[in-house]
Amino acid sequence: MMRDGYVARWRGQEYQASPDGGEIRLYRTEPGDGFVEVRPGRYVRVVPAGEVEEFAYVRTTCTWKGQPFIVLGEHEGWLRVEYTGGRWPVAQAMRLEAFDFGVYQGWAPVTEVTDLREQRV
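Conventions and cut-offs
Residues numbered from 1 in each chain as written. Predicted model: local features only at pLDDT ≥ 70, side-chain atom pairs only at ≥ 80, totals over all residues. Heavy atoms only, no water. Phe/Tyr/Trp six-rings, centres within 6.5 Å; stacked < 30°, edge-to-face > 60°. Helix = DSSP H or I, 4+ residues; strand = E, 2+ residues; numbered from the N terminus. Buried < 20%, exposed > 50% of the residue type's maximum accessible area, 1.4 Å probe, protein only. Lys NZ or Arg CZ within 6 Å of the ring centre and 35° of its normal. Pairing = 2+ DSSP bridges. Core = buried A, V, L, I, M, F, W, Y, C linked by side-chain atoms within 4.5 Å. Contact = heavy atoms within 4.5 Å.

Draft legend 1. Main features of the packing of aromatic side chains. For the structure shown, the criterion picks out 6 aromatic pairs. For the pair tyrosine 6 and phenylalanine 55, a centre-to-centre distance of 5.1 Å together with 10 degrees between the ring planes defines the contact as stacked. Of the two residues, tyrosine 6 is situated in strand β1 (residues 4-10) and phenylalanine 55 in strand β6 (residues 54-64); the sequence distance between them amounts to 49 residues. Note on tyrosine 6: relative accessible area 35%, which makes it partly exposed. Exposure remark for phenylalanine 55: the relative accessible area of 36% places this residue in the partly exposed category. An aromatic cluster of at least three residues, connected via ring pairs, comprises Tyr6, Phe55 and Tyr57. Arginine 28 extends its terminal NZ or CZ atom over the ring of phenylalanine 35, reaching a point 5.2 Å from the ring centre. When the ring centre of tyrosine 27 is taken as origin, the NZ or CZ atom of arginine 42, which lies over that ring, is 4.0 Å away.

What follows is the structure, given as structure tokens:
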């Protein structure tokens, strides 16, 4: 599973999360004590930030064609990747899409990607 987003450890369990001022929103895919369904298969519980044991941003990184990338998602044997090397000539030579100023993305075949790992920031 490719992860890119906040996570929080609360009462010994890790959840997808999002900060909201002095509170943390915890998310899960099934019902749980104190969790409210916000849409089918998505439940949320808001807890004080002080109750959270750990809070971090998790992202999946990789190397493709010798260059560093963040993995944004995956679909049918392809990874949606964002170049983090910061060099426009490299992004251009790799035929990456200019997603925004200085932000370059593309689709990489899973079979060409190396050093796939999760990092906590």
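Draft legend 2. Region of the structure containing the pairing of strand β5 (residues 42-48). Taken across its 7 residues, β5 has 5 buried, putting it largely inside the fold. Taken together, the 6 bridges between strand β3 (residues 23-28) and β5 define a ladder with antiparallel strand orientation. By the bridge assignment for β5, leucine 26 is matched with arginine 45. Sheet topology note: the strand β4 (residues 36-39)/β5 ladder contains 3 bridges and is antiparallel. Pairing of arginine 39 across the sheet is with arginine 42, part of β5. In this antiparallel pair of consecutive strands, β4 and β5, the connection spans 2 residues, and glycine 41 shows a positive phi of 80 degrees.

Draft legend 3. How the structure looks around the nonpolar core. Counting residues in each nonpolar core, the largest one holds 14 residues, and the members touching the most others are Trp64, Phe69, Val81, Tyr83 and Leu96. Only β6, β7 (67-75), β8 (78-83), α1 (88-93) and β10 (103-109) provide two or more residues apiece to this core. The dominant element in this core, judged by the number of residues it contributes, is β8, at 3 residues. Setting aside residues no more than four positions away along its own chain, leucine 96 makes contact with Trp64, Phe69, Tyr83, Ala91, Tyr104, Gln105 and Gly106. Listed in part, the 10 residues of the second largest apolar core include Leu26, Tyr43, Val47 and Val52.

Draft legend 4. Structural context of the pairing of strand β9 (residues 97-100). Sheet topology places β9 next to β10; 3 bridges connect them, and they run antiparallel. Of the residues in β10, the one forming a bridge with aspartate 100 is valine 103. Where β9 folds back on β10, the antiparallel hairpin that results is connected by 2 residues, among which glycine 102 adopts a positive phi of roughly 75 degrees.

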